[in-house]
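Coordinate analysis (summary)
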Amino acid sequence: MASMEPANLVFAAQPSLVGIERVEFLRGPTALFAGQSAGFSSLVGGTVNFVPKRAQSKDVNTLTAGFQSDSVGFVQFDIGRRFGREDEWGLRVGGEVLGGDTQVNFGDREQRAIAVAVDYNTGQFRAALDVRYNENEQGGHTREIFSASNGPVPTDFDASFNPNQPWGFINTDSLLGALRLEYDVVPNTMIFGAASGSLNGEQSITGFPSNLQPNGDFTTNTGDFQTDAERLNFEGGIRSEFETGAITHNFVAAANWGFQSERFDFVGFDPNDAFTNNIFNPVVVPNPGVRSTLPENDTARNTYVGATLLDTLGFFEDRLQLTLGIRYQDLRIRNLDGMTGDKLSESTGDNFSPGFGLLYRISDRISIYANYLEGLSNGGAAPAFAVNAGQQLGPIASDSIEIGSKFDIGEFSVDIALFQIRDVSTAVDPDTNIFGEVGEERIRGLEISTFGELAQGIRLIGGLTVFDDEITASDVAANIGDPIPGIPDFVVSANMEYDISDTGLTVIAQFRHQGTADIVLGNDLTIPSWTTLGFGARFSFDKFVARINVENVGNETYFNGSPFGELALGTPRTVLASLTAAF
């Protein structure tokens, strides 16, 4: 199975998923096999896997035209063919062009994307090459707001409000290539190799709203930044299925190497450019212009070396499965002077990260499981509003544990799990405005997820997650025991589809509710809870499929939080409609 790293694929602010078949979330010790991600991020909670489309046995020819409020129009195409005497060659090409005004005040967006996938399959030997290019230009894009600490957060304003200015923009572009080779040495034993790389660029000028007051006043500092990033990843290994007596084995040995470099520059937070604005009576100020310039040399350069051994042992005809794995990781983080190329700081870390999983199938419909995983990752980069903007933190260790059960009721499944994640806590110091490690945090929770067909023609995907999170260690003693900013008490969601018999019509209903969340450490201010509803329909006739969906039907104004104390405005009422033709 070929896949793409999310750090390579999702670099744009709103990336295109053209050419992507599905998005998978791998949980538990199977994340060990994923190695280190392209962004050197932690995998202990799981890893996101983007699976590209491949040419099928039947030709694919589809054209889609659509609309998104306020006036964004888009066209997509998808073409797939197989060639050769035995259809061993495959070609899949997809593309998208969109543009128009968004549903947010003075927001506009343009995007161009193309994805090309070539695969070769003789049965014993398989190869796949994926190339993607994406351009995204957003004008008047929204920014998060930092709340003040002296009163409740206002929510009785227009959901389409944009705290940024009409001249604010963010432009991104990314080019990705990924090659994967697989060869069956003998039946049930495969060697594989993969290489991927990406070139990513971003330029932005924006306001940084802060100090939000109960009356709607807030202060905006302006800033602009540019960044270019390059990533390379190589992987190789062997996978084998075999038996030792009555025990089955699914064994994987793999090694990988990764490199990431970045050039970054940020200019902003000049007191002369700061201005006061108001949510209820917004003002427009002159454009300060772009002042940042990309340095000639890298400002960060990171390398990763890793190796993984993983074996899933099956007992009692695989009713009991035990997964044992270990991953060695060596991570090197370097911050450089962009003008001279001199090294400013260097952090290194290496460890052996174990992982295990246990699965027992009580019956064909009921199973229980438990897993544990440790990881080592990049501590992250300082946000643009910090004094040390762009600086990379050193490697940090984290771990996760999960126990749960799965129930299959006909065509419907229910998963129930308890989990815990322990990680290093990072934040921007409110006094010095420097981003860094400030302690440790722990997240515990209960997750219930459902998916499948409740009855003929009725499908449900839903979930409930309850969080119990706290700061377990901190440079500020008073913060120990406090909830982690930005994490809600609970989240519940449901998406239901109902097929109206013999009509080709499917109606859709969506529901999401999020509980309150703390805004920042050190006070009792919270983000209010919120609820959104959505409705839609899908109609299939002849070789056409028509779709319409309305998100946030009630046009509710709401916020999401973050560990940095930011308040991200929710999406206002959005209408999406499209017509797909197959020919």
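Residues numbered from 1 in each chain as written. Predicted model: local features only at pLDDT ≥ 70, side-chain atom pairs only at ≥ 80, totals over all residues. Heavy atoms only, no water.

**Thoughts on the overall build of the chain**
For the chain, the helix and strand inventory stands at one helix and 30 strands. For the chain, whose C-alpha radius of gyration is 25 Å, the value lies close to the compact-globule estimate of 25 Å for 583 residues. The principal-axis extent of the C-alpha atoms belonging to the chain is close to 75 × 60 × 45 Å. A burial count over the chain gives 47% of its 583 residues as buried. For the chain, restricting intrachain contacts to residue pairs at least 6 apart in sequence, the fraction spanning at least 24 positions comes to 65%. Carbon and sulfur atoms provide 57% of the accessible area of the chain, an area that totals close to 27200 Å². Once the 37 positive and 75 negative side-chain charges of the chain are each reduced to a mean point, those two points are 8 Å apart. (Helix = DSSP H or I, 4+ residues; strand = E, 2+ residues; numbered from the N terminus. Rg over C-alpha atoms; globule rule 2.2 N^0.38 Å. Buried < 20%, exposed > 50% of the residue type's maximum accessible area, 1.4 Å probe, protein only. Contact = heavy atoms within 4.5 Å. Areas by Shrake-Rupley, 256 points an atom, 1.4 Å probe, with all protein chains shown as cover. Lys, Arg positive; Asp, Glu negative; His and termini not counted. Charge placed at Lys NZ, Arg CZ, Asp CG, Glu CD.)

**Concerning the packing of aromatic side chains**
For the coordinates displayed, the defined rule picks out 16 aromatic pairs. Look at Tyr 120 and Phe 125: their rings are 6.2 Å apart centre to centre, the planes differ by 55 degrees, and that puts the pair in the tilted class. An aromatic cluster of at least three residues, connected via ring pairs, comprises Phe 157, Phe 161, Phe 218, Phe 280 and Phe 559. Taking NZ or CZ as reference, Lys 406 lies 5.5 Å from the ring centre of Tyr 369, over its face. (Phe/Tyr/Trp six-rings, centres within 6.5 Å; stacked < 30°, edge-to-face > 60°. Lys NZ or Arg CZ within 6 Å of the ring centre and 35° of its normal.)

**Let's talk about the pattern of salt bridges**
The tally for this structure, following the rule as stated, stands at 22 salt bridges. Taking the shortest distance from any N to any O, the salt bridge between Arg 180 and Glu 182 comes out at 3.2 Å. The class for Arg 180 is buried, based on a relative accessible area of 15%. What makes Glu 182 buried here is its relative accessible area of 10%. Here Arg 334 and Glu 346 are joined by a salt bridge, their closest N and O atoms 3.8 Å apart. With Arg 334 in strand β15 (residues 320-336) and Glu 346 in strand β16 (residues 343-361), this residue pair connects regions lying 12 residues apart in the sequence. Arg 334 gets classed as buried once you look at its relative accessible area, which sits at 17%. For Glu 346, a relative accessible area of 32% gives the class partly exposed. Salt bridges sharing partners connect three or more residues here, namely Arg 126, Arg 180, Glu 182, Asp 184 and Glu 235. (Salt bridge = Lys/Arg side-chain N within 4 Å of Asp/Glu carboxyl O.)

**Looking at unusual backbone geometry**
With an omega dihedral of 15 degrees, the bond running from Ser 69 to Asp 70 counts as a cis peptide bond. Positionally, Asp 70 belongs in the loop between β3 (60-68) and β4 (72-83). Phi at Phe 316 takes a positive value of approximately 55 degrees, unusual for a residue other than glycine. A relative accessible area of 60% places Phe 316 in the exposed class. You will see that Asp 542, though not glycine, has its phi angle at about 50 degrees, which is positive. Along the polypeptide, Asp 542 turns up in the loop between β26 (530-541) and β27 (544-551).

**Points about the side chain of Ser 204**
Here Ser 204 shows up in strand β10 (residues 189-210). With relative accessibility at 2%, the residue Ser 204 sits in the buried group. Reaching out from Ser 204, the side chain makes a polar contact with the backbone oxygen of Phe 169 at a distance of 3.0 Å. Aside from chain neighbours lying at most four places away, what touches Ser 204 is His 141, Phe 169, Ile 170, Gly 223, Asp 224 and Phe 225. (Polar contact = N/O pair within 3.5 Å; in protein donor to acceptor, adjacent residues only side chain to side chain.)

**Notes on the sheet that holds strand β8 (residues 145-146)**
Within a sheet, neighbouring strands are paired by backbone hydrogen bonds and run either parallel or antiparallel to one another. The strand order across the open sheet built from three strands is β8-β29-β28, with neighbouring strands paired in antiparallel fashion. Each end of this open sheet is capped by a strand with a single partner; those strands are β8 and β28 (559-561). (Pairing = 2+ DSSP bridges.)

**Some details on the confidence of the model for the chain**
Of the residues in the chain, 93% have a pLDDT of 70 or more, and the chain-wide mean is 88. For the stretch residues 1-12, pLDDT sits under 50, and the model shows 53 contacts to residues farther than four places along the chain or on other chains. (pLDDT = per-residue confidence, 0-100.)

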